[in-house]
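Examining the three-dimensional arrangement
If you want the building blocks of each chain, they are given just below.
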Amino acid sequence: MAESRAPFLRSDVPPSVFSHKYSRFNADGQGFNNVRGPGFPGLKKRGHAHTYRSWTKIDQSGNSKVLELDKATVMRHCSLPARDLRLLDPLFIYPSSILGREKAIVVSLEQIRCIITADEVILMNSLDGCVAQYTSELCKRLETNKDHSDDLPFEFRALELALEITCISLDVQVKELELEIYPVLDELASSISTLNLERVRRFKGHLLALTQRVQKVCDEIEHLMDDDGDMAEMYLTEKKQRREAYTNSDFYLQTDTLGGARVVSKSAPTSPVGSISGTQKLQRAFSSISSSKHGSVAGSSIGRENIDQLEMLLEAYFVFSDNTLNNLLSLKEYIDDTEDLINITLGSVQNQLIKYELLLTAATFVVTIFAVVTGIFGMNFADSVFDDPSLFAWILMITGVSCVILYVTFLVYFRHKKIFPL
């Protein structure tokens, strides 16, 4: 199948030229012509052309095929509303979700976005490695288990692989983040610098984003485990078998009822025995129909009660994702502890600076007193003190000793108040 589609086509070229090259396949593998233009049967006078996206269809045998489908084809094939397909749109960012519908399971887990039915998986193509790994691994497992009986139905095997790849991918990202951030935190604890703080800030932002993604996957699995109705909706193979059994039984009942009515109408005598026989046949037909409906309802109730298989599958990956989330929370606590240590270290340095500033302030005050005294006596005024040179020396000595005593008094006061230990 050609992967490209011509944007412009000449109207004078016969349609048979493009009938094979530009055909698109729907989910059933049937082709349809998407050429729009004058003279073609698929002309639309209003509206825009359908947007085609590349999908990969994987059947139960492990065979894969790349298709180009539009939203309308996928919606009709899988009986899905448009809001469910928006979850698979790569242009929008939606949190991880798993939705159980009547005929399909819509899975949007990180980069793995697919629709799982009872017979096939329709996967949106992407350049991400997880998508390629999911496609190859699912085909490999389906081909390996093709000749072996498996307890899990097809839809659960596809869902299990999506959960497995998503959980392992998130766990690998967490371990890579741990290997990168622990050395940076240790270096920051020993040497506080702007470069280390910037690196830790960047890692912390990555950590918060990764925590939200893991938390959403964990919450989605827990939500499914808490709701038995949602888990019962995911038994697509069982529901398909019940629908087919109900359709076949309804067809046989209608055939028997119509056949009995024709026999009664062709019988010539209208005896009471004949009428009773026809009535009995109709009663048996209606009783069979009611019993068939009752069996369908009973099968549905049994499907709602017998959800241990899916619950155990979800529980295993819930434990795995919860362990990954705990690792992230432990890493976040380690970052918070490092930040507390840094704040304590910075606070201690700030306190030391304040203490030294206080000592310098007290020393400056004492020196200022000595400078004031010497400045007063250094002024040019007449006084008897200047008649005896030794008297001025005594004044300077007494002033200096008084300043030293005052400074020691400050230190004793600081020690008493536990401001600065001596």
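Residues numbered from 1 in each chain as written. Predicted model: local features only at pLDDT ≥ 70, side-chain atom pairs only at ≥ 80, totals over all residues. Heavy atoms only, no water.

Description of the overall build of the protein chain
Each helix and strand in the protein chain was counted, giving 11 helices and eight strands. Sequence-distant contacts in the protein chain: of pairs separated by 6 or more residues, those separated by 24 or more amount to 66%. Taken as a whole, the protein chain presents about 25700 Å² of accessible surface, with 59% of it coming from carbon and sulfur. (Helix = DSSP H or I, 4+ residues; strand = E, 2+ residues; numbered from the N terminus. Contact = heavy atoms within 4.5 Å. Areas by Shrake-Rupley, 256 points an atom, 1.4 Å probe, with all protein chains shown as cover.)

Notes on the packing of helix α4 (residues 129-144) against helix α5 (residues 154-190)
Interhelical geometry of α4 versus α5 gives an angle of 140 degrees and a closest axis separation of 10 Å. For the element pair α4 / α5, the angle class is oblique. α4 and α5 meet at a crossing whose hand is right-handed. Residues Cys130, Gln133, Tyr134, Glu137, Leu138, Arg141 and Leu142 of α4 form the contact with α5, whose own contacting residues are Phe154, Arg157, Ala158, Leu161, Ala162, Glu164, Ile165 and Ser169. Taken together, the residues of the contact of α4 with α5 sort by class into nine nonpolar, two polar and four charged. (Axes fitted to C-alpha atoms, helices over the stretch in contact; angles between N-to-C directions. Parallel < 35°, antiparallel > 145°, perpendicular 65-115°, else oblique. Left-handed = near helix turned anticlockwise from the far one by under 90°. Nonpolar A, V, L, I, M, F, W, Y, C, P; charged D, E, K, R; others polar.)

Remarks on the UniProt feature "transmembrane region" (unreviewed entry) in the protein chain
Residues annotated by UniProt as "transmembrane region" (unreviewed entry) correspond here to residues 358-379 and 391-414. Secondary structure content for residues 358-379 is 91% helix and 0% strand, and the end C-alpha separation is 32 Å. Annotated as residues 391-414, this span is 100% helix and 0% strand, and its ends, taken at the C-alpha atoms, are 35 Å apart. (UniProt positions renumbered as here; feature names shortened; annotations may be inferred.)

Points about the pattern of salt bridges
Applying the stated criterion across every chain yields a total of 16 salt bridges. If you follow the salt bridges from partner to partner, you end up with Arg53, Lys71 and Asp89 in one network. (Salt bridge = Lys/Arg side-chain N within 4 Å of Asp/Glu carboxyl O.)

Considerations on the nonpolar core
Core analysis: the biggest nonpolar cluster contains 60 residues, and Ile116, Val121, Tyr134, Leu163 and Leu314 have the highest contact counts within it. Elements with a minimum of two residues in this core: β6 (105-109), β7 (112-116), β8 (120-124), α4, α5, α6 (194-226), α7 (228-233) and α10 (308-377). No other element matches the 16 residues that α5 contributes to this core. Once residues lying within four places of it in the same chain are set aside, the contact partners of tyrosine 134 are Ile112, Cys114, Ile116, Val121, Leu123, Ala158, Leu161, Ala162 and Ile165. Leu67, Val74, Val106 and Ile115 belong to the second largest nonpolar core, which has 13 residues in total. (Core = buried A, V, L, I, M, F, W, Y, C linked by side-chain atoms within 4.5 Å. Buried < 20%, exposed > 50% of the residue type's maximum accessible area, 1.4 Å probe, protein only.)

Examining the packing of aromatic side chains
All chains considered together, the criterion is met by five aromatic pairs. With 6.4 Å between their ring centres and 15 degrees between their planes, phenylalanine 410 and phenylalanine 414 make a pair best called stacked. Taken together, the positions of phenylalanine 410 and phenylalanine 414, both in helix α11 (residues 389-416) and four residues apart, correspond to about one turn of that helix. Residue phenylalanine 414 is classed as buried on the basis of its relative accessible area, which comes to 8%. The structure contains a cluster of three or more aromatic residues connected by ring pairs, namely Phe365, Phe410, Tyr413 and Phe414. Across the ring face of phenylalanine 203, the terminal group of arginine 202 is positioned such that the distance to the ring centre comes to 5.6 Å. (Phe/Tyr/Trp six-rings, centres within 6.5 Å; stacked < 30°, edge-to-face > 60°. Lys NZ or Arg CZ within 6 Å of the ring centre and 35° of its normal.)

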